[in-house]
Amino acid sequence: MVRVYLAFTTNFFPWLTIIVVFPIATGFFIFFLPHRGNKVTRGYTIYICVLELLLTTYAFCYHFELDDPLIQLAEDYKWINFFGFYWRLGIDGLSLGPILLTGFITTLATLAAWPVTRNSRLFYFLMLAMYSGQIGSFASRDLLLFFIMWELELIPVYLLLSAWGGKKRLYSATKFILYTAGGSVFLLIGVLGIGLYGSNEPTLNLEILANRSYPVALEILFYIGFLIAFAVKSPIIPLHTWLPDTHGEAHYSTCMLLAGILLKMGAYGLIRINMELLPHAHSLFSPWLIIVGTMQIIYAALTSPGQRNLKKRIAYSSVSHMGFIIIGIGSITDTGLSGAILQIISHGFISAALFFLAGTSYDRIRHGYLDEMGGLAIPIPKIFTLFSILSMASLALPGMSGFVAELIVFFGIITSQKYFLIAKILITFVMAIGMILTPIYSLSMLRQMFYGYKLFNGVNSYFFDSGPRELFVLISILLPVLGIGIYPDFVLSLSVDKVEAILSNFFIENFHK
Amino acid sequence: MEHTYQYSWIIPFVPLPVPMLIGVGLLLFPTATKNLRRIWAFPSIFLLSIVMIFSFDLSIQQINRSSIYQYIWSWTINNDFSFEFGHFIDPLTSIMSILITTVGILVLFYSDNYMSHDQGYLRFFAYMSFFNTSMLGLVTSSNLIQIYIFWELVGMCSYLLIGFWFTRSSAASACQKAFVTNRVGDFGLLLGILGLYWTTGSFEFRDLFEIFNNLIYNKEVNFLFVTLCAFLLFGGAVAKSAQFPLHVWLPDAMEGPTPISALIHAATMVAAGIFLVARLLPLFIAIPYIMNLISLIGIITVLLGATLALAQKDIKKSLAYSTMSQLGYMMLALGMGSYRAALFHLITHAYSKALLFLGSGSIIHSMEALVGYAPDKSQNMALMGGLRKHVPITKTAFLLGTLSLCGIPPLACFWSKDEILNDSWLYSPIFAIIASFTAGLTAFYMFRIYLLTFEGHLNVRFQNYSGKKGNSFYSISLWGKEEPKSIKKSFPLVALLKRNNNERERTSFFSKKTSRMDTHVTKMPFLTIFPFGPTKTFFYPHESDNTMLFSMLILVLFPLFVGAIGIPFNQEGNNLDILSKLLTPSINLLHQNSNHFFDWYEFLPNATFSVSITFFGIFIAAFLYKPFYSSFQNWNGLNLFTKRVNKSQRVLGDKIINLLYDWSYNRAYIDAFYALSLTQWIRGLAELTHLFDRRVIDGITNGVGITSFFVGEGFKYVGGSRISFYLLVYLFYVLIFFLIIFSFFSLV
């Protein structure tokens, strides 16, 4: 009886399918809700989001075993017969963190989007569609399914950007869609190339693909294809220019999703496909990745102080922080990769919170430019406090999650066996220079916004400080940031076995050579 | 009493509830929390007192048993790396924790009154308690990662507290400057930690030292690399302790409230760098280059700080430069390997300087009512003077602090400074000469502060008296002289250092005459409405409230008696003082066979020498900074002496003084240099990358977009659905196809 029950719960009940499909399916009902204004829609959406988050947490708590590096909660249904296309889902330690992050950030972003009143039904539907797309791409175990999910969440972002953005929204939206669609072309080429290699029937199952080997030249070709696709998304310089424009124009709830989750899909893809499927090419490319990552840290940190727009400055800071993920991935050590995964989670929280704060302060002062601000600390002290705390988190203050992630990436680099001493010294040195540049831009941002004294004239002089909703959003982001910073094993323990499993591939390969 | 050690991990966490509660309260229930207000001060003081009792207990046990205790538990578990947390109790820790808690309690007590009218009273207490937490965490940490964590946290507290009055733009830039400068040091610290980890594979101090010394001994390690690591580690200490190249943040940090300056920027946080070097001394001592570098940096800072302190007009900035100079002494002592002297000076200086800062806070508090709240008025020594009779208790406390810092025998700093000077004679005569010379300078600038502040008459009142209404308040000379005519107007500040012999009076501070003169002057009706600020009718500065005076008076006891811990008492044959006894294990670790002899016969001539230098400094100060608004202009025996001085010599002297003044006023041009080189450079670079990003990288993207648009439009225009055009294109492609085939076959 117990066995039957276990079999039922673990194997037969399609948890993941439900988790993936639930938001978009229920999202359709938004259009059938009675026309009673904004309130019903947003309440419904919040309800769906929370339910989804609870569902995910429940499924992961009771049906996922942390010490098993294999795929769990796997589902495998044939979808399109003649093409060999399967609806294949499954999660492991690597995707667990991003999925939970997605649930968390999306729920908070919906809560953050309450002030949106224009065409709110479509807005919330798009949010829910994005929710599905993101979880789907993190949970898919089939390359083509991954690609489809990847594309699925582009459309909502494009629409959210072009309909609810700022003044230059059309330009930004077009730029975004062209960039990402351009990247997707390479992704599609890679997917089909890998799938059709060596057999007449397409093989798209990630498990099977992970154990295959390719001729070096072909592997490098595939690697480059995937790298370009993920580099656009991550972003990796020089393919990053869509990001500041998009973030500068999008509504801040969209920004939260973009910075919190969408960028992480690129990093996730790098680990999931480039590292797992193409280990040989990855060990060839990893020095370049590290160099690019180091340059990115410095380059974006230097570009950031030159920005006048608040959101663009935060956007460049997140470009800079993504450099740490790339370095962690490139270091090919347990430590480095754990650091990269931790940075994915931690930066998801921090950047989402910063964009939310930037958006809410923009709502109050109606100035997007830093040099027009100043003296805001007195009218909005709570936002000031939280902005200070989160800027500190962003500049990797110990006790916050960013610090642990960056520190672990540093250790990943110096314990890496792959590189020579001089190279390691140089890279750590340059990375650490980024550590000096980060406070320069983030603290000067704080100084320009809040410090000083300014008399606000007439109309603008009446500000509300943060209300309970905004405080709730911020504190619920702040708590995990502090929690991870104080006890990082919360997140590290999720992925530690998977990381070892991925890296064992590399050691086997070194052994064979 | 093993369990005292067992529970000592609690030390840093005891004060933590206060900032957490206040923080949560201010965010969620602001009104209720603010209504409680002063009640919040009690738990913070109470909790810190618990820690103080605890650390006293610990150090008594350390004296009796001199044991080192360490306890560790793991932070992250992974196969490849594990970080551990732990606490490490040794004499250094117990000394530092006593220092932090005693000064901390007094400062908290003091600031209850000092900040009582401030909007941010609660915020202040939250920051302070958080600072205490992180500082206690820093001194009890058992490995380098933990040190780094708390190192950054104290830096952040310092940032928040410097920027406490965030509406002042000067405070806003000062706190950013402090944080970024400290980050430069942290950059070094982090890289040093990583490098050491790479060489030794450990963060724990004791393992680290053991492995490291073995490696050095067996020459298994690249010496250059290790030196680089040690240098980078030292960089962290340089920034935190405001040593020479990275000292720029400390004077600016005086923008924070004065209790902060007493606690953080004089007694505890700036001593963290000294603490770090002392902690890692077993490591540094293996590398002679680094030891030399440490003492070199130390001596440069000693001299630079002292010369910069000479002509500051802000009382707190003067004290800040003095702190910097004294920290240089400690660094010098560490570089010479005299661990005990450095720690001794650390303790004595911390108490004396905290006392001085609290005194200056009291002065500022009393001046604020008179001249307004802008720091360049209320802290301006040019506007003070004659406070002796208005704030007598503060004056006594301040004088004691000054005397202690100058090194007048029975007071604390005398013993420690003398020890450092003695050791420096053994180390290198040049360093010793500079150090002794600076001891004289110390006496000079400290008495300059004292005389300008307390002697003479209240200068605010005397702006009209001097007959120079048109001038700004700068006309009140900081150098105690009237403005001469030979100075160009374009350097208004140079004017401050001119001499005028007529207004010199006999050495004042023991003179009875001045008081007679005071009574004469104070009879005049002081109803002048002074030229800036609103018209207030405060006539005299008032003495501060009892709370402030109480903590100052308690703190007075420390400079009086703290010296005793380092003075050897001849008890039953063993010539050991408390400090040596406490530090025996650490000293033994450093010098395997050093027997510390204390010889009174050797001690006396050295002491006499240093005291005489000090008195010389005091004498010069008294000579130059006579209160110059005196009605007895021609009453001066010294005039006879000065009138004999040659005219040309006087010009030369003026030039030297001008030079010195410029040097000091412009902060040795180092700030300007950094502003010009680094800041401009980074700004330029940022501008450049921004342009590059927009024009080149984004430009390519936009260019591609626009080109494709035009190509599409062009095709639309050219195509225009005409058959002839399609035929043309068709033929064209056929032609190309044939050409390719043709060339292909011809090649084959």
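Since the structure is predicted, the reported quantities are computational estimates derived from the model, not experimental observations. (Residues numbered from 1 in each chain as written. Chains lettered and ligands numbered in written order. Predicted model: local features only at pLDDT ≥ 70, side-chain atom pairs only at ≥ 80, totals over all residues. Heavy atoms only, no water.)

Asks: Tell me about the pairing of strand β2 (residues 83–89) of chain B, residues and numbers included.
Replies: Looking along a regular strand, one sees the side chains alternate between the two faces of the sheet. All names here are of chain B. The buried count for β2 comes to 5 of 7 residues, which makes it a mostly enclosed element. The pairing of strand β1 (residues 69–76) with β2 spans 7 bridges and is classified as antiparallel. Looking at the pairing, Tyr-69 lines up with Ile-89 of β2. (Buried < 20%, exposed > 50% of the residue type's maximum accessible area, 1.4 Å probe, protein only. Helix = DSSP H or I, 4+ residues; strand = E, 2+ residues; numbered from the N terminus. Pairing = 2+ DSSP bridges.)

Asks: How would you explain the confidence of the model for chain B if you had to name every residue and give the values?
Replies: Residues and elements named next belong to chain B. Residues with a pLDDT of 70 or more make up 80% of chain B, whose mean pLDDT is 78. Low confidence marks residues 464–537, where pLDDT is under 50. Its contacts with residues over four positions away, or in another chain, come to 152 contacts. Here residues 629–645 scores under 50 on pLDDT; set against residues more than four positions off or in separate chains, the count is 33 contacts. Reported confidences for the modelled complex are a pTM of 0.87 and an ipTM of 0.91. (pLDDT = per-residue confidence, 0-100. Contact = heavy atoms within 4.5 Å.)

Asks: So what's going on with the interface of chain A and chain B? Which residues, and what values?
Replies: At the interface, 64 residues of chain A touch 51 residues of chain B. Counting each side, the surface lost to burial between chain A and chain B is near 5200 Å², with a carbon and sulfur contribution of 74%. At the boundary of chain A and chain B, one finds 1 salt bridge. Salt-bridge contacts for A:Lys175 lead to B:Asp698; the nearest nitrogen and oxygen are separated by 2.3 Å. (Buried area = accessible area lost by both parts, 1.4 Å probe. Salt bridge = Lys/Arg side-chain N within 4 Å of Asp/Glu carboxyl O.)

Asks: Break down helix α21 (residues 429–454) of chain B for me, citing the residues and quoting the values.
Replies: Counting along an α-helix, one turn takes 3.6 residues, and residues three or four places apart therefore face a common direction. Residue and element names in this part refer to chain B. The terminal C-alpha atoms of α21 lie 37 Å apart, and with 26 residues this matches the ideal 38 Å at 1.5 Å per residue to within 8%. Among the 26 residues in α21, 21 count as buried, and that is most of the element. Positive backbone phi, at 80 degrees, marks Gly-456, one or two positions downstream of α21. (Expected span 1.5 Å × (residues − 1).)

Asks: Can you explain the packing of aromatic side chains? Please cite residues and give values.
Replies: Tallied over the entire structure, the rule returns 60 aromatic pairs over all chains. For the ring pair A:Phe411 and B:Tyr197, a centre distance of 5.1 Å and an interplane angle of 85 degrees mean the geometry is edge-to-face. Placement of A:Phe411 in helix α17 (residues 401–415) and of B:Tyr197 in helix α8 (residues 169–200) is noted, with the two residues assigned to different chains. When the centroid spacing of 6.0 Å and the interplanar angle of 65 degrees are considered together, the rings of B:Phe737 and B:Phe738 count as edge-to-face. We classify B:Phe737 as partly exposed; its relative accessible area is 49%. Note on B:Phe738: relative accessible area 53%, which makes it exposed. Among the aromatic residues, those joined into a ring-pair cluster are B:Tyr121, B:Phe124, B:Phe125, B:Tyr127, B:Phe164 and B:Trp165. The ring of A:Trp150 is capped by A:Lys233, whose NZ or CZ atom sits 4.1 Å from the centre of that ring. Cation over ring: A:Arg308 sits above A:Tyr369, and NZ or CZ is 4.4 Å from the ring centre. (Phe/Tyr/Trp six-rings, centres within 6.5 Å; stacked < 30°, edge-to-face > 60°. Lys NZ or Arg CZ within 6 Å of the ring centre and 35° of its normal.)

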